[in-house]
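Letter by letter, the chains look like this.
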Amino acid sequence: SVAPQFQGFVNDVPVDADASAIRLVASYTDRGRDAIPSLTGQASVTLRSRTIQAEAADEYRGTQPLGSSRAEGNTFMGAINHNGFLKFADIDLSRVNTIEIQAASAGAGGTIEVRFGAFNGPVLGSTPVEVNGDWEAFSTKVIKLTPTTDRGDLYFVFQNEQNTGGLMNVDSISFQ
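Reading guide: rules and limits
Residues numbered from 1 in each chain as written. Predicted model: local features only at pLDDT ≥ 70, side-chain atom pairs only at ≥ 80, totals over all residues. Heavy atoms only, no water. Pairing = 2+ DSSP bridges. Helix = DSSP H or I, 4+ residues; strand = E, 2+ residues; numbered from the N terminus. Axes fitted to C-alpha atoms, helices over the stretch in contact; angles between N-to-C directions. Buried < 20%, exposed > 50% of the residue type's maximum accessible area, 1.4 Å probe, protein only. Polar contact = N/O pair within 3.5 Å; in protein donor to acceptor, adjacent residues only side chain to side chain. Contact = heavy atoms within 4.5 Å. Phe/Tyr/Trp six-rings, centres within 6.5 Å; stacked < 30°, edge-to-face > 60°. Lys NZ or Arg CZ within 6 Å of the ring centre and 35° of its normal. Core = buried A, V, L, I, M, F, W, Y, C linked by side-chain atoms within 4.5 Å. Salt bridge = Lys/Arg side-chain N within 4 Å of Asp/Glu carboxyl O.

Draft legend 1. Broad picture of the sheet that holds strand 4 (residues 59-61). Pairing in this open sheet of 5 strands is antiparallel, and the strands run 4-7-12-9-10 from one edge to the other. A single partner strand is all that each edge strand has here, and the edge strands are strand 4 and strand 10 (123-129). Across this sheet, the average inter-strand angle for adjacent strands is 20 degrees, counted without regard to direction. Relative to strand 7 (residues 85-92), strand 4 is paired through 3 bridges, and the arrangement is antiparallel. Residue pairing in the sheet places arginine 61 in a bridge with phenylalanine 85 of strand 7.

Draft legend 2. Looking closely at the side chain of glutamine 159. Among the structural elements, glutamine 159 can be located in strand 12 (residues 151-159). You can call glutamine 159 buried: its relative accessible area is 16%. Within polar-contact distance, the side chain of glutamine 159 engages the side chain of asparagine 83 at 3.0 Å. For glutamine 159, the contacting residues outside a window of four places in its chain are His82, Asn83, Gly110, Thr111, Glu113 and Leu167.

Draft legend 3. Structural context of the packing of aromatic side chains. For the structure shown, the criterion picks out 4 aromatic pairs. One aromatic cluster is present, formed by Phe85, Phe119 and Tyr155 through successive ring pairs. The ring of phenylalanine 119 carries the charged tip of arginine 61 above its face, separated from the ring centre by 4.9 Å.

Draft legend 4. Spatial organisation of the nonpolar core. Within the largest apolar cluster, 28 residues are counted, with the highest numbers of intra-cluster contacts made by Leu86, Ile99, Ile101, Leu154, Phe156, Ile173 and Phe175. Where this core is concerned, the elements lending two or more residues are strand 7, strand 8 (98-104), strand 9 (110-116), strand 10, strand 12 and strand 13 (169-175). For isoleucine 101, the residues in contact, after removing those within four places along its chain, are Ile112, Ser139, Thr140, Lys141, Ile143, Phe156, Val170, Ser172 and Ile173.

Draft legend 5. Highlighting the side chain of serine 174. Along the chain, serine 174 turns up in strand 13. What makes serine 174 buried here is its relative accessible area of 9%. Here glutamine 176 takes part through its side chain, which lies 2.4 Å from a polar atom of the side chain of serine 174. Residues within four places of serine 174 in sequence aside, it is in contact with Arg50, Thr51, Thr98, Ile99 and Glu100.

Draft legend 6. Region of the structure containing the environment of serine 27. Turning to its location among the elements, serine 27 is positioned in strand 1 (residues 21-29). Along the chain, serine 27 and glutamine 42 lie 15 residues apart, while their C-alpha atoms are 4.1 Å from each other. With residues up to four places along the chain from it excluded, the contact list for serine 27 reads Gly41 and Gln42.

Draft legend 7. Representation of the pattern of salt bridges. On inspection of all chains with the given rule, the structure shows 7 salt bridges. When the shortest N-O distance is used, the salt bridge between aspartate 153 and lysine 87 registers 3.6 Å. On the criterion of sequence distance, the pair formed by aspartate 153 in strand 12 and lysine 87 in strand 7 is long-range, its members being 66 residues apart. Looking at aspartate 153, the relative accessible area reads 22%, which means it is partly exposed. Residue lysine 87 is classed as buried on the basis of its relative accessible area of 15%. A salt bridge links glutamate 130 to lysine 141; its shortest N-O distance comes to 2.8 Å. Here glutamate 130 is found in the loop between strand 10 and strand 11 (139-144), whereas its partner lysine 141 is found in strand 11, with 11 residues between them in sequence. A single network of salt bridges, built from pairs that share partners, joins Glu59, Lys87 and Asp153.

In C-alpha cells form, the structure reads like this:
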C-alpha cells in the first residue's frame, strides 16, 4: 500500500471474501474562488463478480428466494412464473460473450430470455430449460449473446405461455 497522496484517502478498500459486488462512490468538492461558490462532483461504479447468485438480483417479479442446501449460498430463485424476471442493474457487457445459468425444473420448464435495458427490451440471447424431474438438480444452460459493448440493465425473463406457473428454479448466473 502506498502512502496516501491526498487527505482522506487510505488506499485500501476492505471487502468481505464472499461479496458478490462492491459499489465505489467518489466525490470531490473544490474550494471555489472569490464570488464563485465551491462545486461538488460525484461518480460511482458497481463492480460485480463474474458469477452472481440469482437471489442477488436488484429487482425481481414472478419469482421468490427459496432455501436449499443443494444451492450455492443455500438460496435460489424459485416458484418462477411466465413473464417473471430477474433484473441486474448496470452490467458491463463489453467483455461478455456468453452467460451460464444454473437452472433446474421438475415443473413446466420454459425459456430464459436475456433482455437489455428493459423487461421488454431487445433480446440478446435465450436458452430453453427442459424438465429434468428434480427442482434442485441444477445444470448449466449456456446463452450465447449478441455482441455488444454497452453497459446497462439486464433482465432475465422467464417464458412459457402454455404453462404459466412452476416453470423452473435458478441458482446462479455467470458472465463469461
